[in-house]
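So the chains spell out like this:
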Amino acid sequence: MKKEDIWDEKKAKKYAWVTLGVVLLLTVVFAGAIFSGLKLDYDFEKFFPKEDSETKVFFEHRKQFGTDNDFVLVSLKNEGGVFNTKFLRDVERLTEDLKKLDYIDQVLSPTDFKRFSRRQGNLIVKIDTFPLLHIGDDEALKADSALIMQDDRYAGTFFSAQSGAISLFVKTEDYLSKEKCDELGETIPALLKSYDTYEYHYAGRSVGQSYYISLMQRDLMLFISSSIVLLIFFLIIAFKSVWGVVVPLNIVMLSNIWIMGFMALIGEPVNMILTMLPTIIFVVGMSDVVHMVSKYLEELRLGNSKMNAIRVAFREIGLATLLTSVTTAIGFLTLLSSTVEPIRIFGLYTAIGVMIAFILAFTVLPSVLILMGAPKAVERKDIWKKFLRKQFLWVIRHPKTALGVSSVITAIAVVFTLQIEPNNYLLEDLPSSNEMKSHFIFFEENFSGVRPFEMNIQLKDSSKSVFDYEVAMEIDKMENYLKETYGIGGMMSANVLIKSANQTNFGGTKEAYCFPKTEKDFKQAVRPFKKLIKDYKRSLTDSTVKIPEEMLALVQFIDTSLTSYRIRGRMGDLGSLKIFEMNDDLQAYYQNELDTDVFKYTLTGTAHLIDKNNAKLARNMLVGLLIAFLLVALIMGALFRSIKMMLISLVPNIIPLVVISGILGATGTDLKVSISIIFTIAFGICVDDTIHFMSKLKIERMKGRSMIYALKRSYLSTGRAIIITSLILCSGFLMLVFSEFLGTFYVGYLISITLFIAVIADLYLLPALIIITERRKK
């Protein structure tokens, strides 16, 4: 060892110890923050863009009329049919048990429903009350069943004829906290287990949210543990030494501790998308380390001293690694173009994590290498060069074949790409085999569905009232269209109450349940409702005014100004593509069949917002991808100062994205939120290997070597690291396929395929393009 190397090593060791001490101190701080302050974010409403006009309408509508998804549907199924005394007694008991649970406001059960009939007595009008179900009287139950199954208020909403099931609507308190949702997520299933002589099902936000959060926690631990096991496996294969496993693994673990600790310190919780963060940091951070360690070992094999090997490795790999980290971070930062807050947060903190991994790789790794002795494993035979020489010879002999095959595959992929359509379903993130999804499907197939429907109607003339005969009649036309053509079940509105009042006024017959046929009948039906609204307005300022609890339902559908009106219901989860078509038909009906001077309508609610935002998100992701293309092109142009080389370097990274789009189209996979973010993420990661290859090529060209010889040196030098890092990346992302969330599953398997195609493109198409361009130049 030269004297200057000895002096340099002594000085370097001093700085290495200081660096490791600072890193250790910060790690303790970040680790402490994780254990004391890292939280999960379960607020799914953050997926709604705050500044969007439709989001504002949604919050105003909810403030006025209440929430649309704070409910749980509960169903019991009896093989002997619904109209059975023993079964209905058990339903009665279940209804009372549900009412006793904490955080339950109301339970709508058919066993509690009444029918009313108005009759004129000698001196006063009397209202006779009858139960909807004559439980205990089998003969009367037969008559009840005939009436009920012909009444669309009950059939399909509370009773399922085809399956012998009955449904209860359990209204929970609004805006339940996570802790209260967790409690309901335990108490409702536990209660239903005591009725396990029947098949039971349940679905709703309160129980679903608790279930989702438990899956998020499971995924987070699964991804961290599986990533560690996977990295150990590949590091053993790559470096065949203890230090080659321990050093890189600790660096990427530090990267995860730092980014998660940083989030905990500033109070940023982990949302559903951020559960992928540990896996991404593991595989991306490992890419930096593997490239640098591979170059370090290569220099040692060439006979360089440890200090010189470290210098050369970090000098030649440093710029390329910085550029790859920047381009990967750019890929994630383009997610800031999204209007959805959780996706923006995911993009921002993943980009920060990528840069943290780079910083630690360039501080901790050289410090550890300086303090350690040179590894003995470097003397072992390198098995990679024989394989890479063979592949390189094929490329230089058949560059046009590589280009032709790539062109054909790309052309086929473009054809299938044109078949992709944006579409989404409410519980698309869960597979059909999932227990919660099976409950959801049961209500879809046997009742009106669980997708909430909300419509807000505003009168255009403020001097008019929803209790005006002409106005109410026009709204009734809209409601009839929604029920008969649009497919809304379980509809609730002020007009539904008016029809029920009209039925009471005309003897309670089935035929009398209709919109009043004359203005006189209408006024008679709405008279108690007008009084109720007046009393309700007085009760807001006078606590002595009492409103009958059973009459309070009206104020959920009409505001006190009598100019704003709510229609609520449920429908099947048909997919956003179909629902957008139905919305267009609804708008055409409104324009052509209704008096548009009377009112305007707005579709709103959580389900509607999810559909609209997903459609917008796909467009936002396209903008983000174009930004990523532009920024990476500028980086490559600045690196080579050549438009030709800039374009050549982009081609191998665009083709994998086109191919993956073709796979989506060919398999009939709809474009959804979880899939749309894949393209910007994949592009930012794919371009890393290209940058390493092209950076090495530039270094070799600067040494005065010919293009073919420089290409060969670059291929043999970077090829090994490219293959190893790509295997690590692909395998790391493949760990995501074990998630219960289909969105996370798609991210894992599609990015893995994209990265696999990208490494093929870098090893075969990229050098082929350079060779063809060079030959034409000569």
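Residues numbered from 1 in each chain as written. Predicted model: local features only at pLDDT ≥ 70, side-chain atom pairs only at ≥ 80, totals over all residues. Heavy atoms only, no water.

### Brief notes about a negative patch on the surface
Now for step 1: The grouping of Glu-421, Glu-581, Asp-584 and Asp-585 at the surface amounts to a negative patch.
Now for step 2: Among the secondary structure elements, Asp-584 is positioned in helix α17 (residues 576-593).
Now for step 3: Under the relative-accessibility criterion, Asp-584 is labelled exposed at 54%. (Patch = residues over 30% accessible without salt bridge, like charges linked within 9 Å, V, L, I, M, F, W, Y side chains within 5 Å. Areas by Shrake-Rupley, 256 points an atom, 1.4 Å probe, with all protein chains shown as cover. Salt bridge = Lys/Arg side-chain N within 4 Å of Asp/Glu carboxyl O. Lys, Arg positive; Asp, Glu negative; His and termini not counted. Charge placed at Lys NZ, Arg CZ, Asp CG, Glu CD. Helix = DSSP H or I, 4+ residues; strand = E, 2+ residues; numbered from the N terminus. Buried < 20%, exposed > 50% of the residue type's maximum accessible area, 1.4 Å probe, protein only.)

### Here we look at the state of the cysteines
Now for step 1: Applying the stated criterion across every chain yields a total of 0 disulfides.
Now for step 2: The thiol of Cys-686 is unpaired, and the distance to the nearest cysteine sulfur, on Cys-730, comes to 8.7 Å.
Now for step 3: According to the relative accessible area criterion, Cys-730 is buried, its value standing at 12%. (Disulfide = S-S within 2.5 Å.)

### Some details on the sheet that holds strand β10 (residues 564-571)
Strands pair in a sheet through their backbones, by hydrogen bonds, and they do so in one of two ways: parallel or antiparallel.
Now for step 1: Taken in spatial order, the 4 strands make up an open sheet running β9-β10-β8-β11, and their pairing is antiparallel. Each edge of the open sheet carries a strand with a single partner, namely β9 (489-492) and β11 (599-604). Adjacent strand axes in the sheet meet at a mean angle of 20 degrees when their direction is disregarded.
Now for step 2: In this sheet, β11 lies alongside strand β8 (residues 451-459) in antiparallel orientation, the contact comprising 6 bridges. For Gln-458, the partnering residue across the bridge sits in β11 and is Lys-600.
Now for step 3: Of the strands in this sheet, β8, β9, β10 and β11 are in contact with helix α14 (residues 469-486), which crosses β8 at around 160 degrees. (Pairing = 2+ DSSP bridges. Axes fitted to C-alpha atoms, helices over the stretch in contact; angles between N-to-C directions. Contact = heavy atoms within 4.5 Å.)

### Topic: the pairing of β10
Now for step 1: Burial analysis of β10 places 8 of its 8 residues in the buried class, the great majority of the element.
Now for step 2: By the alternation rule, side chains of β10 split into Ser-564, Arg-566, Arg-568 and Arg-570 and Tyr-565, Ile-567, Gly-569 and Met-571, which are all buried.
Now for step 3: As paired strands, β8 and β10 are joined by 8 bridges and run antiparallel to one another. The partner of Ile-457 across the bridge, within β10, is Tyr-565.
Now for step 4: Where β9 and β10 come together, 2 bridges link them in antiparallel fashion. By the bridge assignment, Gly-489 is partnered in β10 with Arg-570.

### A look at the nonpolar core
Now for step 1: Formed by 192 residues in total, the largest nonpolar core has its most connected members in Val-74 and Phe-346.
Now for step 2: Of all the elements, helix α23 (residues 742-777) adds the most residues to this core, at 16 residues.
Now for step 3: Not counting chain neighbours up to four residues away, the residues in contact with Phe-346 comprise Ile-273, Leu-274, Met-276, Ile-280, Phe-332, Leu-335, Ile-677 and Ile-681. (Core = buried A, V, L, I, M, F, W, Y, C linked by side-chain atoms within 4.5 Å.)

### With respect to the pairing of strand β1 (residues 71-77)
Now for step 1: With 7 of 7 residues buried, β1 lies mostly within the body of the structure.
Now for step 2: Of the two faces of β1, the one carrying Phe-71, Leu-73, Ser-75 and Lys-77 and the one carrying Val-72, Val-74 and Leu-76 are both buried.
Now for step 3: Inspection of the sheet shows β1 paired to strand β6 (residues 165-172) by 7 bridges, in the antiparallel sense. Looking across to β6, one finds that Ser-75 is bridged to Ser-167.
Now for step 4: With 6 bridges connecting them, β1 and strand β7 (residues 199-204) associate as antiparallel partners.

### Topic: the packing of helix α11 (residues 384-397) against helix α22 (residues 707-734)
Now for step 1: The contact between α11 and α22 brings their axes to 10 Å, and the two run at 130 degrees. In terms of axis orientation, α11 runs oblique to α22. Considering the relative orientation of α11 and α22, their crossing is right-handed. For the pair α11 and α22, the contacting residues are Trp-384, Lys-385, Phe-387, Leu-388, Arg-389, Gln-391, Phe-392 and Val-395 in the first and Ile-708, Leu-711, Lys-712, Tyr-715, Leu-716, Gly-719, Arg-720, Ile-723 and Ile-724 in the second.
Now for step 2: Taken together, the residues that form the contact of α11 with α22 break down as 11 nonpolar, 2 polar and 4 charged. (Parallel < 35°, antiparallel > 145°, perpendicular 65-115°, else oblique. Left-handed = near helix turned anticlockwise from the far one by under 90°. Nonpolar A, V, L, I, M, F, W, Y, C, P; charged D, E, K, R; others polar.)

### Description of the pattern of salt bridges
Two side chains bearing opposite charge may form a pair once their charged atoms approach each other closely.
Now for step 1: By the definition in use, this model includes 24 salt bridges.
Now for step 2: Residues Lys-86 and Asp-90 are paired through a salt bridge, measuring 3.4 Å at the closest nitrogen-oxygen approach. Here Asp-90 and Lys-86 lie together in helix α3 (residues 85-100), a separation of 4 residues that amounts to about one turn.
Now for step 3: Judged by its relative accessible area of 57%, Lys-86 is exposed.
Now for step 4: When salt bridges that share partners are traced, they join Lys-696, Glu-700, Lys-703, Arg-705 and Arg-713 into one network.

### Structural notes on a positive patch on the surface
Now for step 1: A cluster of basic residues, Arg-301, Lys-385, Arg-389 and Lys-712, forms a positive patch at the surface.
Now for step 2: Mapped onto the elements, Lys-712 comes out in helix α22.
Now for step 3: Given a relative accessible area of 34%, Lys-712 falls into the partly exposed group.

### What to know about the packing of helix α19 (residues 643-667) against helix α21 (residues 678-702)
Now for step 1: Interhelical geometry of α19 versus α21 gives an angle of 150 degrees and a closest axis separation of 10 Å. The handedness of the crossing between α19 and α21 comes out as right-handed. Across from Met-645, Ser-649, Leu-650, Asn-653, Leu-657, Ile-660, Ser-661 and Leu-664 in α19, the residues of α21 making contact are Phe-679, Ala-682, Phe-683, Cys-686, Val-687, Thr-690, Met-694 and Leu-697.
Now for step 2: The residue makeup of the contact of α19 with α21, split by class, is 12 nonpolar, 4 polar and no charged.

### Structural notes on the packing of aromatic side chains
Each aromatic ring pair is characterised by the separation of its centres together with the angle its planes make.
Now for step 1: On inspection of all chains with the given rule, the structure shows 27 aromatic pairs.
Now for step 2: For the ring pair Phe-113 and Tyr-154, a centre distance of 5.9 Å and an interplane angle of 35 degrees mean the geometry is tilted. Of this pair, Phe-113 sits in the loop between β2 (104-108) and β3 (114-120) while Tyr-154 is found in the loop between α4 (138-148) and β5 (159-160), placing the two residues 41 residues apart along the sequence. Exposure class is identical for Phe-113 and Tyr-154. Each is buried.
Now for step 3: Members of the aromatic cluster, connected to one another through ring pairs, are Phe-113, Tyr-154 and Phe-158. (Phe/Tyr/Trp six-rings, centres within 6.5 Å; stacked < 30°, edge-to-face > 60°.)

### Here we look at α4
Now for step 1: The set of residues buried in α4 consists of Ala-140, Leu-141, Asp-144, Ser-145 and Ile-148. The buried residues of α4 occupy an angular sector of 145 degrees when projected down its axis, which confines them to one face. Among the exposed residues of α4, those oriented more than 90 degrees off its buried face are Glu-139 and Lys-142.
Now for step 2: At the N-terminal end of α4, a side-chain oxygen is found 3.3 Å from the backbone nitrogen of Glu-139, two or three residues along, and the residue is Asp-137. (Arc of directions from axis to C-beta. Polar contact = N/O pair within 3.5 Å; in protein donor to acceptor, adjacent residues only side chain to side chain.)

### Brief notes about the environment of Ile-224
Now for step 1: Within the secondary structure layout, Ile-224 lies in helix α6 (residues 205-239).
Now for step 2: Residues in contact with Ile-224, not counting those within four places in the same chain, are Pro-278 and Phe-282.

By themselves, these observations are geometric and do not establish any function.
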